[in-house]
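Notes for the structure review
Here is how the chains run, residue by residue.
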Amino acid sequence: MEPPVEESTSSEEKGSLSASQRRAEIRRRKLLINSEDRMKRIMGFTGSKKDDGDRAEGARNEFEPNVHLEPGKPDGWPSSAPSAGLSPLCSDAGSVEQKGSPLPESRSTPGSYTEERGSAAPGHVTREELPAAGPQGLQQYLSHFDEAMRLREQLTGEKLAQDSSSDTEELDTFRLFRLIGSIVLALIVRVFVCNCLSIFAPFFTLQLVYMGTHKYFPKGERKMKTTILTAALLLSRIPAELISRSMDTYSKMGDIFTDLCVYFFTFVVCHEMLILIGSEGP
Amino acid sequence: MAAGYAWFLVLGSVLLCNLVKTLLPSISSFLSKVFQKDAEHETEMRMEIQGMKQELSSISMMDEFARYARLERKINKMTDRLKTHVKSRTAQQAKIKWVVNIMYYVLQAALMISLIWKYYADPVTVLPSKWIAPLERLVAFPSGVAGGVGITTWLVVCNKVVAIVLQAVG
């Protein structure tokens, strides 16, 4: 279908070229189109194209990751999601196709076997579809995985851009500050305060102080460590923003737990030392 | 007396485990050196190949083709032997590394299980219960002694602190 169109456009554009050059140009374009189609088929981009309908197809590749990052736009996810995201075996996809929702004809390139399937009877579709369901599901799954990996890279890039002003030394300084604060507090509590109240009360007060003063400290660079987990969460259609926030919360909880361990350890060691010296008993 | 130092015993064990873990690569390489005594033979082969290559460069290919070809074949043969040797040595080294790692993890698990077994009912140290007031049951787990610090809590705390210290040192 496309070669004549391409031919006409190219002939309009390059009227000044000689016939052989024009032919060469047409051949080159044809090859490029074919490779693009093949790549799209491999990446599974054609599947979501049908759902987007009249949306700009050219800008799709640029637009897609931004949509996923916005938490308030759940419809930004390709609507083929439920059919592929959960089961790569495509059992859902088959059911969706049978219900009469957008058929998979636009999922593949024009002239491919799926176009013929669209016009065939439903019973015939299921019979022919069964052997092809596996590879299609796998393709969709792979395309989603690729999408997730791109999103992850983008997330990491954004985080790095945000924290470009700060470096790892400052993070270490803040962590060191937290740890030293916990140690000093444990010593003070053991010597002066602990006879009056629980040892955890001053610790949580200190954590509140840290939370309050956190914004005044330079933000450290936090890389995504759990890459497989992140990819898995992205694949299961959880918004990237939510994952990012959850991971931030998780890391903060980890910091608090570390502080608590250091605090408790210092307290117990100090207590044992005081008992050993014999100055004070429990 | 011994019960009074239980906290220190646990701390020492955790520290020892972590130190050994950092030394695992060195231990593996030492053991591979001990078990692989034919490293000298490999060096000899390398030297021999180098010598033959030097000799080959001094021979004119056109004038003494037969000698040149013979020497070249010899070099190729020796190189193949060296490659096979290096391959087997690398495989053996990986095997030793794997065995050392497995042994370490088995010993660590045995040590931790024995510590937990020993201090299951007794706390490693005892504090006044009001000091750790809202979390005393959690801290005392699994001993159940009011105000006691249980072995699991203490193991977790020690592991975390030792990891931080080693990270800072390393």
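Residues numbered from 1 in each chain as written. Chains lettered and ligands numbered in written order. Predicted model: local features only at pLDDT ≥ 70, side-chain atom pairs only at ≥ 80, totals over all residues. Heavy atoms only, no water.

The geometry of two aromatic rings is summed up by the distance between their centres and the angle between their planes. Inspection of every chain in the model, using the stated rule, returns 8 aromatic pairs over all chains. Between A:Phe203 and A:Phe204, the aromatic rings sit 5.4 Å apart at their centres with planes inclined by 70°, giving edge-to-face as the arrangement. On the basis of relative accessible area, A:Phe203 is assigned to the buried category, the value being 0%. On the basis of an interplanar angle of 75° and a centroid distance of 6.4 Å, the ring pair of B:Trp7 and B:Trp154 is categorised as edge-to-face. In this pair, B:Trp7 sits in helix α1 (residues 6–35) while B:Trp154 sits in helix α5 (residues 151–169), placing the two residues 147 residues apart along the sequence. Accessibility classification places B:Trp7 together with B:Trp154 in one group, the buried group. By way of ring pairs, the aromatic residues A:Phe265, B:Trp7, B:Phe8 and B:Trp154 are connected into one cluster. (Phe/Tyr/Trp six-rings, centres within 6.5 Å; stacked < 30°, edge-to-face > 60°. Buried < 20%, exposed > 50% of the residue type's maximum accessible area, 1.4 Å probe, protein only. Helix = DSSP H or I, 4+ residues; strand = E, 2+ residues; numbered from the N terminus.)

Our focus in this paragraph is the interface of chain B and chain A. At the junction of the two partners, chain B supplies 24 residues and chain A supplies 23 residues. Of the roughly 1,900 Å² buried between chain B and chain A, counting both surfaces, carbon and sulfur atoms make up 80%. Here chain B and chain A share 0 salt bridges between them. Inspection of the region where chain B meets chain A yields 4 residue pairs in polar contact (both at pLDDT 80 or more). (Contact = heavy atoms within 4.5 Å. Buried area = accessible area lost by both parts, 1.4 Å probe. Salt bridge = Lys/Arg side-chain N within 4 Å of Asp/Glu carboxyl O. Polar contact = N/O pair within 3.5 Å; in protein donor to acceptor, adjacent residues only side chain to side chain.)

What follows is about the UniProt feature "coiled-coil region" (unreviewed entry) in chain B. When the UniProt feature table is mapped onto this chain numbering, "coiled-coil region" (unreviewed entry) sits at residues 61–88 of chain B. The span residues 61–88 of chain B carries 86% helix and 0% strand; its end-to-end C-alpha distance comes to 35 Å. (UniProt positions renumbered as here; feature names shortened; annotations may be inferred.)

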